[in-house]
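# Observations on the three-dimensional arrangement
The residues making up each chain are set out below.
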Amino acid sequence: MHKKGHYGAALLGYAPLGTIVLAAGFDAAAVAGGVVTVALAMVPDLDMKIPGVSHRGPTHTVHFALSVGLGIGLLAGTLLVVAGAPVAAAVGATVFMFATGALAIGSHIAADALTPMGVTPLGADGPHYSVGVARAANPLANYGLLALGIAAVAVGMVVAEVVATA
C-alpha cells in the first residue's frame, strides 16, 4: 500500500483502542494515540532508504512492531516521570503507547499483506502471507482503506460518547 492506505489502516487498527480510551474519559490520550499511530504508519517503509535492508524485510515483522511499541511506550513513560507525573500515570501511558506503537506497525504489515507481494511477518524464515486483493499502487484500495480508517474512528467517537454518557 501507499501512504494514504497505510494512514487508513493505522486509523482502522487504532480505532478500537482509541474508543476504549476515549470512553474512559482520557480524551487527550485518545487524540495523542491517534496522532502517534498516524505518525508511525509509514515507519516500516524506511527500509527503502536504508542500503542493504530489503523492502518488506525486518521492518515488516512482528518483532519490529513489538520493538517500536516498546520504544514508544518507554519514551512516553519516561517523559511523564521526568515531568513529575504520578507513577501510575507513567505506567498507564507506557502500556497505552506500547499498544499504540505496536498497532501502528502491525497495521502497516497487515495492509501490505493485502497486496500480491505480501509480507513475512515472522521473519525471513517464517510463512509468507499475501491476500492479493490489490496492488500497492491501486488508488481505489488506498483511498478505500483511508475511508475505512476515518469511518472507524468516527464510529468509535460516537460509541465512546454513548458509553461515557450511559
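What you see is a predicted model; the values in this text were computed from it and never measured. (Residues numbered from 1 in each chain as written. Predicted model: local features only at pLDDT ≥ 70, side-chain atom pairs only at ≥ 80, totals over all residues. Heavy atoms only, no water.)

### Observations regarding a nonpolar patch on the surface
A cluster of nonpolar side chains, contributed by Val-62, Leu-66, Leu-70, Leu-74, Phe-98 and Leu-122, occupies part of the molecular surface with about 510 Å² of accessible area. Top element by residues in the nonpolar patch is helix H3 (residues 62-82). It accounts for four residues. For Phe-98, the position within the fold is in helix H4 (residues 87-113). The exposure class assigned to Phe-98 is partly exposed, which follows from its relative accessible area of 32%. (Patch = residues over 30% accessible without salt bridge, like charges linked within 9 Å, V, L, I, M, F, W, Y side chains within 5 Å. Areas by Shrake-Rupley, 256 points an atom, 1.4 Å probe, with all protein chains shown as cover. Salt bridge = Lys/Arg side-chain N within 4 Å of Asp/Glu carboxyl O. Helix = DSSP H or I, 4+ residues; strand = E, 2+ residues; numbered from the N terminus. Buried < 20%, exposed > 50% of the residue type's maximum accessible area, 1.4 Å probe, protein only.)

### Considerations on helix H1 (residues 3-23)
The end-to-end C-alpha distance of H1, which contains 21 residues, comes to 29 Å, matching closely the 30 Å that a straight helix rising 1.5 Å per residue would cover. The sharpest bend along H1 reaches about 45° and sits at Ala-15, with the proline Pro-16 one to four residues further on. Lining the buried residues of H1 we find helix H2 (27-40), H4 and helix H5 (139-165). (Expected span 1.5 Å × (residues − 1). Bend = angle between axes of the 7 residues up to and from the residue. Contact = heavy atoms within 4.5 Å.)

### A closer look at unusual backbone geometry
The backbone of Arg-56 shows a phi angle near 60°, a positive value even though the residue is not glycine. Inspection of the secondary structure puts Arg-56 in the loop between H2 and H3. Judged by its relative accessible area of 9%, Arg-56 falls in the buried class.

### A few points about the nonpolar core
Generally speaking, soluble globular proteins have nonpolar side chains that are buried together. Among the nonpolar cores identified, the biggest contains nine residues, and these are Leu-40, Val-43, Ala-65, Val-68, Ala-104, Ile-105, Ile-109, Ala-113 and Val-119. Elements with a contribution of two residues or more to this core: H3 and H4. The element that contributes the greatest number of residues to this core is H4, accounting for four residues. Ranked by size, the runner-up nonpolar core spans seven residues in total, among them Tyr-14, Leu-17, Val-21 and Phe-96. (Core = buried A, V, L, I, M, F, W, Y, C linked by side-chain atoms within 4.5 Å.)

Honestly, that's just the spatial picture; any functional story needs more than this.
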